Amino acid sequence: MKKPRIVVIGGGTGLPVVLQALHKQNVDITAIVTVADDGGSSGIIRNYINVVPPGDIRNVICSLSDSPDVVKDVFQYRFNDDDDFFSGHAIGNLIIAALTEMKDGIFNAVQELSELMKIDGHIYPVSNEPLLLHARFTDNSEIVGESKITEAHKIIDHVWITKQEDAKDKVAKAVPEVIDAIMHADMIVLGPGSLFTSILPNLMVKNVGDAILQTKAEIVYICNIMTQLGETDNFTDADHVMALNDHLNESFIDTVLVNNYKIPDDIIDKNSAGNKIIQVTHDDLALSKLKIKVIEDDFINVKGNSVYHDGDKIVNKLLNLLK
């Protein structure tokens, strides 16, 4: 039987959680990954050699790799801060940067590395060149740069994408393989991940947003468990969905997965950044007005003092939707 084709779009630490769980299933996976990161090791590499930031792509590669664990551990290894030359850099980031130069672009580099790392599925950077993330806030001020946007601690009104400042054509476009994957998918999964800086940057690439509105695939949004400081402060689950719809000027989300399990207070206190980060509130009334399918469940996975999505529970719901 034909494997169901599932496209997962996003970035950050949430994307690999879902991909690792999907990797255990008999599905055809395509991961479309944001390339607008400008922080950490990725940001330093981007600034010095002008390549697409590799951090999110590195994590996705490891989540879908069938290579031995020792290979993935080396690929993910990050040098100690006291190493003056390599301080803070992950080996995988340096390999991706090198292959980008060797293969004349990040897309070809990732396809080459996918073979080397024995990837089960497809990994597509949303663009073959670095992108700039812009944000306009409710006070009408604007900032460029993913890390600067969240550091501003203002209420985001809208985000959009451009190419680098020296590019002749400022309109960012995805390669044909990305659009083809979206148009032929059975299901598109958005998230989990940072709403304005990991998920929406992909949808703001013009031909990606157009394809999302045209595809016949079921579009599922996995809502975040906690609010994000400087990005989704005090957002309800309905606020997340409305922000997505507003950016594409159409109600395109078919189904939303929301957590309904109360996180223990002591765990929230340890992750709250001075009580400013809270559990995302479930707004059943507002969601019902959006006329979308709402799937509620306990999607929590607590590891030590940190809260994550439970990838296996999420994938179980996704596969049930496909049936």
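The preceding data block contains the structure.
Overview of the structure. (Residues numbered from 1 in each chain as written. Predicted model: local features only at pLDDT ≥ 70, side-chain atom pairs only at ≥ 80, totals over all residues. Heavy atoms only, no water.)

### So, the packing of helix α3 (residues 55-64) against helix α5 (residues 91-102)
Line of reasoning, step 1. It is the contact of α3 with α5, at a shortest axis distance of 9 Å, that shows an interaxial angle of 105°. Relative to α5, the element α3 lies roughly perpendicular. The residues of α5 that touch α3, namely those facing Gly 55, Ile 57, Arg 58 and Ile 61, are Gly 92, Asn 93 and Ile 96.
Line of reasoning, step 2. Considered class by class, the residues forming the contact of α3 with α5 number three nonpolar, three polar and one charged. (Axes fitted to C-alpha atoms, helices over the stretch in contact; angles between N-to-C directions. Helix = DSSP H or I, 4+ residues; strand = E, 2+ residues; numbered from the N terminus. Parallel < 35°, antiparallel > 145°, perpendicular 65-115°, else oblique. Contact = heavy atoms within 4.5 Å. Nonpolar A, V, L, I, M, F, W, Y, C, P; charged D, E, K, R; others polar.)

### Details of helix α6 (residues 106-116)
Line of reasoning, step 1. Looking only at α6, the buried set comprises Ile 106, Phe 107, Ala 109, Val 110, Leu 113 and Ser 114. The buried side chains of α6 occupy one side of the element, clustering within an arc of 160° when seen end-on. Structural note: α6 exposes Glu 115 and Leu 116 on the side pointing more than 90 degrees away from its buried face.
Line of reasoning, step 2. Looking at the buried positions of α6, the neighbouring elements they touch are α3, α4 (69-76), α5, β3 (122-125) and α8 (176-183).
Line of reasoning, step 3. Of the residues one or two after α6, Lys 118 is the one with positive phi, at around 55°. (Buried < 20%, exposed > 50% of the residue type's maximum accessible area, 1.4 Å probe, protein only. Arc of directions from axis to C-beta.)

### What to know about the nonpolar core
General note: in soluble globular proteins, nonpolar side chains tend to be found buried as a group.
Line of reasoning, step 1. With 91 residues, the main nonpolar core has Ile 188, Leu 190, Leu 203, Val 208, Ile 212 and Tyr 221 as its most contacted residues.
Line of reasoning, step 2. Excluding residues within four positions of it along the chain, Tyr 221 makes contact with Leu 190, Leu 195, Ile 199, His 240, Val 241, Leu 244, Ile 253, Thr 255, Val 256 and Leu 257.
Line of reasoning, step 3. Within the second largest apolar cluster, eight residues are counted, among which are Ile 225, Ile 267, Ile 277 and Val 307. (Core = buried A, V, L, I, M, F, W, Y, C linked by side-chain atoms within 4.5 Å.)

### Looking at the environment of Ile 32
Line of reasoning, step 1. Within the fold, Ile 32 resides in strand β2 (residues 28-33).
Line of reasoning, step 2. In this structure the C-alpha to C-alpha distance between Ile 32 and Val 8, which are 24 residues apart in sequence, comes to 6.2 Å.
Line of reasoning, step 3. In this view, Ile 32 contacts Val 7, Val 8, Ile 9, Gly 10, Leu 15, Tyr 124, Val 126, Val 178, Ile 182 and Asn 202; residues no more than four positions away in its chain are not counted.

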